[in-house]
Amino acid sequence: MQKNDIFEINITVITEDGDGIGRIPGDGRVVFCKGALPGEKIEAQIIKVTKDYAVAKVNEIIEKSPDRITPDCSYTGKCGGCSFRHCSYEAHLKTKQQYVRDCIERIGGFSENSKIEFLPIIGMENPYNYRNKAIFPFSTDRDGNIISGFYRKNSHSVIEIDNCKIENPMASQIRLAVTEFATTYNLTAYNEETGKGLIRNLMVRTSRSQSEAMAVLAINGNTLPHTNEFISFLTEKCPFVSSVFVNINKTSGNKVSGDKYIHLYGKEKLRDAILDTWFDISPMSFYQVNPEQTDRLYSVVKDFANLRGNENILDIYCGIGTIGLCLANNAQKSGNPIKSLTGIEYIRQAVVDAEHNATLNDITNAKFYDGDAGKVLSDLSEKGALADKYDLVILDPPRKGCDKKLLDTAISVNPEKIVYVSCNAATLARDLKYLREIGYEPNKVQPVDMFPFAGHVESVVCLEKRKC
Ligand code: SAH
């Protein structure tokens, strides 16, 4: 097989990135076909060959899947944002649900007849304008004008986008105002190849509960020229902007943000609520991007946790404290408060936010520690600073999942229950396999669609200590 060869391929499964997978007839190698859906027969033209797999573009759809729809966004195929706009939302949800189950069975080694209950995925009724965070890169067009938008698919060139169907409309309005300001004041856009130019990107975070927005302009320099004019211009055009920062990022390449944030205007944090619990969020702290689904995600955690009162809870990878504080707050309001909450997170500012958020919600029995989760946990355990016994451990790691050492330390506190929240079903499955080896059985899996039209899927798993 070589580049440009043409084959008829039957697509059987789909990747997280929205590419259909089939096998090359006769050869047997896997081929990733851009944009093809399971059940389709396509004419594929090979664009890349390796010894293990091939990549192809779709020349023609010979037999079309009933799930295929005409994308309702004119940027589909150009913008790198949504990889599933060509597939009906119902079918897309089923794909995600199946993907989670496949990972757990295949990578986790849980057989089809294991006792795990796979609950149907929780989707959105109206999967539009759901995102509360956008990062818009800036660039220069052929005529030398400064432009902003999103990265083109698989590239770092920027395409201008008038109207994004998944972003909050406040974010687009802020982007247009910042771009207009940059044009008026002849500000330059950063060029990743030359390392020259000032404006790198604009991050906007919006608050559902307050209808406010935070704008963070990342620059390749020490100061933003015409700062006063910038603030007046932006707040006049977008009166809902409640907070403005610049982020200093003088690194080469395409790192999104640097370490230094300078507060220019308004509040230093954005306030939002999840499950009746208030959170103040700093620009660099992690916060779930889909607020409506976050309510549902945390409700699942709450159901799985099934708190009765007086529990010790350990929230590992706690960010600004969201999951643990929602549980603590809801328990307190129901009259059966928990005994203690311990949170661990390695972004120092997120820990400061978590402590502040505990106070904001009148929670006095929470403690947060900053540092690498594995290290902090071992240190606390060595110092005897952990409770003798935890009723619940919450794990909510980044995409790479947890390492074995962390899982060993987490179970050394002897929890009755673990609730694992994951944004990557493959690493989740790997970790479930190990947790089972060390005595914890998963009994329920609930996928939640936090990212409609994008490939990623979130899952919550309830594990209980195996009774010997
Ligand atoms: N539970 C929070 C955050 C989940 S995202 C929420 O739902 O909002 C994962 C968090 O883990 C991020 O805040 C990230 O900063 C943190 N993190 C990643 N690796 C870590 C590590 N090795 N040790 C501690 N925290 C880590």
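Look a little higher up for the structure.
The model shown is predicted, which means the values in this text are computed figures rather than measured ones.

Draft legend 1. Summary view of the overall build of the chain. The helix and strand tally for the chain stands at nine helices and 23 strands. The C-alpha radius of gyration of the chain comes to 24 Å, within 12% of the 23 Å expected for a compact globule of 468 residues. Referenced to the eigenvectors of the C-alpha coordinate spread, the extents of the chain come out at roughly 65 × 65 × 40 Å. Taken across its 468 residues, the chain has 53% of its residues classed as buried. Within the chain, residue pairs in contact and separated by at least 24 positions form 67% of the contacts whose partners lie at least 6 positions apart. For the chain, the exposed surface amounts to about 21300 Å²; the carbon and sulfur share of it is 48%. If the 57 positive side-chain charges of the chain are averaged to one point and the 60 negative ones to another, these points end up 2 Å apart.

Draft legend 2. Representation of helix α7 (residues 373-383) within the structure. Along α7, the residues classified as buried are Ala373, Gly374, Val376, Leu377, Ser378 and Leu380. Where the residues of α7 are buried, they touch β17 (312-316), β18 (340-345), β19 (366-370) and α8 (404-411). Trailing α7 by a residue or two, Gly384 shows a phi angle of about 70 degrees, which is positive.

Draft legend 3. Local environment of unusual backbone geometry. You will see that Asn306, though not glycine, has its phi angle at about 50 degrees, which is positive. Within the secondary structure layout, Asn306 lies in the loop between α4 (291-305) and β17.

Draft legend 4. A look at the site of the ligand. Near the ligand lie 15 residues; those nearest to it are Tyr298, Glu345, Asp372, Ala373 and Asp396. Taking Glu345, its side chain carries an N or O atom lying 2.7 Å from an oxygen atom of the ligand. Here a nitrogen atom of the ligand and a backbone polar atom of Ala373 are 2.8 Å apart. Burial of the ligand by the protein amounts to 92% of the accessible area it has alone, namely 570 Å². Tallied by class, the residues present in the shell around the ligand amount to nine nonpolar, three polar and three charged.

Draft legend 5. Region of the structure containing the packing of α7 against α8. At a minimum axis distance of 9 Å, the contact between α7 and α8 shows a crossing angle of 35 degrees. Considering only the axes of α7 and α8, their crossing is left-handed. Here Ala373, Gly374, Leu377 and Ser378 of α7 lie close against α8, whose contacting residues are Lys405, Leu406, Thr409 and Ala410. Residues that form the contact of α7 with α8 fall into these classes: four nonpolar, three polar and one charged.

Draft legend 6. A look at the sheet that holds strand β2 (residues 13-14). With mixed pairing, six strands are arranged side by side in an open sheet as β1-β5-β6-β4-β3-β2. On the outer flanks of this sheet lie β1 (6-10) and β2, each paired with one strand and no other. Across five bridges, β1 lies against strand β5 (residues 41-49) in antiparallel orientation. The residue of β5 that forms the bridge with Asn10 is Lys41.

Draft legend 7. Quick peek at the packing of aromatic side chains. Under the counting rule described, the total for this entry stands at eight aromatic pairs. Both rings, one in Tyr89 and one in Phe453, keep their centres 5.8 Å apart while their planes meet at 45 degrees; by these two values the pair is tilted. In this pair, Tyr89 is assigned in helix α1 (residues 89-106) and Phe453 in the loop between β22 (440-448) and β23 (458-465), connecting sequence segments 364 residues apart. Geometrically, the ring pair formed by Phe245 and Tyr261 is edge-to-face, given 6.4 Å between the ring centres and 85 degrees between the ring planes. With Phe245 in strand β13 (residues 241-248) and Tyr261 in strand β14 (residues 260-266), this residue pair connects regions lying 16 residues apart in the sequence. Here a set of aromatic residues connected by ring pairs shows up, and it is made of Phe181, Tyr185, Phe230 and Phe233. Note that Arg175 overlies the ring of Phe136, its terminal NZ or CZ placed 5.4 Å from the centroid. Geometry around Tyr190 places Arg200 over its ring, the cationic atom sitting 3.9 Å from the centre.

Procedures and definitions
Residues numbered from 1 in each chain as written. Predicted model: local features only at pLDDT ≥ 70, side-chain atom pairs only at ≥ 80, totals over all residues. Heavy atoms only, no water. Helix = DSSP H or I, 4+ residues; strand = E, 2+ residues; numbered from the N terminus. Rg over C-alpha atoms; globule rule 2.2 N^0.38 Å. Buried < 20%, exposed > 50% of the residue type's maximum accessible area, 1.4 Å probe, protein only. Contact = heavy atoms within 4.5 Å. Areas by Shrake-Rupley, 256 points an atom, 1.4 Å probe, with all protein chains shown as cover. Lys, Arg positive; Asp, Glu negative; His and termini not counted. Charge placed at Lys NZ, Arg CZ, Asp CG, Glu CD. Near = heavy atom within 4 Å. Polar contact = N/O pair within 3.5 Å; in protein donor to acceptor, adjacent residues only side chain to side chain. Nonpolar A, V, L, I, M, F, W, Y, C, P; charged D, E, K, R; others polar. Axes fitted to C-alpha atoms, helices over the stretch in contact; angles between N-to-C directions. Left-handed = near helix turned anticlockwise from the far one by under 90°. Pairing = 2+ DSSP bridges. Phe/Tyr/Trp six-rings, centres within 6.5 Å; stacked < 30°, edge-to-face > 60°. Lys NZ or Arg CZ within 6 Å of the ring centre and 35° of its normal.

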